[in-house]
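Now for the letters of each chain:
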Amino acid sequence: KVYKQHQATTNGLQSEQQTMKLLASTASLLATTALSSSTTDAAKAPHPLHPKFRSQLKCPYAENWLTKGAEAAANELGIDISSTHQQQQNNNRKLLGSDLPIAGSCTYNNSWTGDKSCMNFHGESWTLDAMVERCSSEQDGVASQGVGCEDTSDDVSGWCVKDVSTAATSMMSAPEMKEEASLMMVSAMASCDNNKMACEAFVQGTFVAIGSCASAAGGGGSSASDQADMTMEGNKCIIAPGAIGAAHQAGFSEGYSTSCPNTPAQDSPYMWPLKWAANFQTKNMGFGSDDIKFESRGRTFYALDKNWKRSDTTYQLGTLRTIGQMFSLAGDSDTNGFGQNVFNNTDGMSTMIHKGGIMYFVDWKEDAAPVVGERDVSKIEGCSKINMAVVGNIRADWYMDRRGDDTDVQYLGDQHVFYPDPDEGPIPMLAKQWRKKDFASQYFTMSMLGNPPNKVEEMADAPAEDNMHWPMILNIPGEGFGDDMLQVYTNHELLTDEDDDLFMLVENYIDSGGVCPENNMYDEVAVGPPVQEVHIPSNLEVEEASWMTNEYTFSPVWQVPMRPVVTDMGAVASVSAAMSKPTTEVSDRVTVESCYDEATKSVDMSFHFHDIDPTANGRLPWMAIGYRSSEVCAMTPPSGGVTPIVLITHLEGEGEVPRAHSTSLLPTAKTLSSDAFASMYMLARDLGETDDHSDVSVIAPQVSNAAVSITRSSLTTDDTVTLNFKRVVGEKPEQLNLMYAIGMSAELGIHTTRKCFVIDAFPTCSSPDAEVSDGHDHSHDVAIKATLDSSSTTVAMMSTFATLAFSCMIGVAVWF
């Protein structure tokens, strides 16, 4: 991910109102997939927002994606959102190129690689002045009229075509039909699949494969999205890719519905209303203490049916400690210093508006006295915006289901709470509660109103508000980079379409002559996400002893999945003790079997990688297991050095079945350095030939029709890749600190999922001919839930962004 600090004073904004923002990548730079082969120590990345706006980012996950980009950089890259998005953006586009003629082109130096890049301008609406202006935004850009880019290189993968048309300016004028087509290249780090994903997910364009990539694609178009049957007519109900989708709509979704088809919470009375407003009060508490560090207040307006939100913040007081300030556990000073920002804004107002994939930040004139819900654009001092790409607003059922990557949900049931009524003070009210786990193994708790005023009387003529299960209290974890938050909603009201003008503030401001620019300058760039120097513990870490999956939504449509009921814990204990290798459920993608072999002083382990499908060229993606040197969830040791890994590859020339290698994960791999990948390949040795590994095998039924002599575990299916080996460790270990990643292609590069985990189940391995007879049925495997690393915040593991300069919250991640 790429960060920058906007240094210039723009559009009359006072210097203290300058907004630190992420580098908003242009389509051509996003489409360029070649990388720099060397890297330097990047400066600490500034927070992308001016401090006055930071408390606006209270919705689950938003602060993290905007700054550290953990799961946004790791998981959404493996999700194919192209089908639905392409239907919306490019219904009339031919699969094999633009419908519009080439008006000219722009050659420029890629700011990352120093190599020449090129984009075509399609459409008769492109004037020479417009092409020169667009091209001048690129480094050393040179525009040419009537001449297109050369695409004869053997390394060309295709074109990323983006529609940049503008609407008609009057009833008498025609719309401007314009497109930009950026040339994309294949490299050691950027396969055909990588290029396609980058174009479709981040540029929001159409990838037109040519050359070898066209052959690999087999001439077909994009496949249907996994969530296609959950999308309503009009492109509604589309959730964001990867872990973002655990809470958010896609940036290109036209909105949400209370009846999104085939979703777990369809028509549930306990989901958030679509159009509503409420006052909010948020208080931040440090770990191990209930002392309030920071407080903010204001009012939030939602039109989730249109993918809109507005938040007016009127009060900010205290020390906001979060990412971007280089958090320090001891950072409690009264100055805007290390690890914090100090606020004393108790009489002004700031406004954030999030519409689709764009977030706007509005500054108000100091003497204009704006009020909450202000619509008078003459009071606006200035405006700025950032491109959120695929990240839209919260979805109304985010806390009730398990959709999205690296997440889980637990319906808790009812309990009475003291609710801070603004008129009567704390009053007892019934809350219906859910817990939602995030990618950092921390959890949110959502408390919804259990007893609406009309619940008992059920009066037919009661106002709609009296039947609403309003959001009451939301507990938000710090997610490893800041303090936990408790947010209370009061003074609720339902909104209607007549209130839409609340969300049209920026459009009305622009119509009156104002401007709201997007920062896309390239000065003072720092490559990579913020480094998590210290893991900040949360009071809301998932505890193994208290967590169980319980996806229950009160939907009258959705069928609750059956859950196994254990009635004889003694039988479970007996079965577990009798098993040769007990099972650890690390995630829905990886399961591990483990035991300790006394005779060889080795751990006997089987790693099952689930849902592994061949890529476009028929090869399986790379998979890896890493040995962490400590409990810190980091790509490489914080003190320096490399991380030993077992790398499974299925490259051309390696044969029919994937092979397991021993190699080292280099720190420079986080920059997607071609030198780093080349070194990792050169260091690789066949795992079975190393001194400390034996009995190595890789089983991949997806790509092999040969009979397998090794008995397959009941944990495996036809899309499971299993790695078996013994590793000499000496005395029985108390635990092994491990991590895994699953790639997107056969070549080392972007991964689609990853996780830190701990294995602590090492009973003595049973001999092959051992017989167990205790009267119990041992036909089923017994799963022991994985021990979650208390330090497993995903961000420290995720410092791996550099293939592209991504817009605001999205980055490409390689191995951790």
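The sections below set out a description of the structure shown in this document. (Residues numbered from 1 in each chain as written. Predicted model: local features only at pLDDT ≥ 70, side-chain atom pairs only at ≥ 80, totals over all residues. Heavy atoms only, no water.)

### Remarks on the environment of proline 582
Stage number 1. Within the secondary structure, proline 582 sits in the loop between helix H10 (569-578) and strand S23 (583-585).
Stage number 2. Taking the relative accessible area as the measure of exposure, proline 582 reaches 2% and is therefore buried.
Stage number 3. Sequence-wise, proline 582 and cysteine 595 are 13 residues apart; in three dimensions their C-alpha atoms are separated by 7.1 Å. (Helix = DSSP H or I, 4+ residues; strand = E, 2+ residues; numbered from the N terminus. Buried < 20%, exposed > 50% of the residue type's maximum accessible area, 1.4 Å probe, protein only.)

### Quick word on the pattern of salt bridges
Stage number 1. For the coordinates displayed, the defined rule picks out 24 salt bridges.
Stage number 2. Aspartate 305 serves as the salt-bridge partner of lysine 275, at 3.4 Å between the closest nitrogen and oxygen. In this pair, lysine 275 is assigned in strand S9 (residues 275-285) and aspartate 305 in the loop between strand S10 (292-303) and strand S11 (308-320), connecting sequence segments 30 residues apart.
Stage number 3. Exposure remark for lysine 275: the relative accessible area of 11% places this residue in the buried category.
Stage number 4. Taking relative accessible area as the criterion, aspartate 305 reaches 13% and is therefore assigned buried.
Stage number 5. One salt bridge in this structure joins aspartate 500 and lysine 275, with 3.2 Å as the shortest N-O distance. Separated by 225 residues along the polypeptide, aspartate 500 in the loop between strand S21 (484-494) and helix H9 (505-511) and lysine 275 in strand S9 bring together distant segments of the chain.
Stage number 6. Salt bridges here are not isolated pairs; linked through shared partners, they connect Lys275, Asp305, Lys306, Asp497 and Asp500. (Salt bridge = Lys/Arg side-chain N within 4 Å of Asp/Glu carboxyl O.)

### Let's talk about unusual backbone geometry
Stage number 1. Located in the positive-phi region is asparagine 491, a residue other than glycine, with phi close to 50°.
Stage number 2. Considering the arrangement of structural elements, one finds asparagine 491 in strand S21.
Stage number 3. Classification of asparagine 491 by relative accessible area gives partly exposed; the value is 40%.
Stage number 4. Phi at phenylalanine 554 is positive, roughly 65°, even though this residue is not glycine.
Stage number 5. Given a relative accessible area of 28%, phenylalanine 554 falls into the partly exposed group.

Structural measurements only, silent on function.
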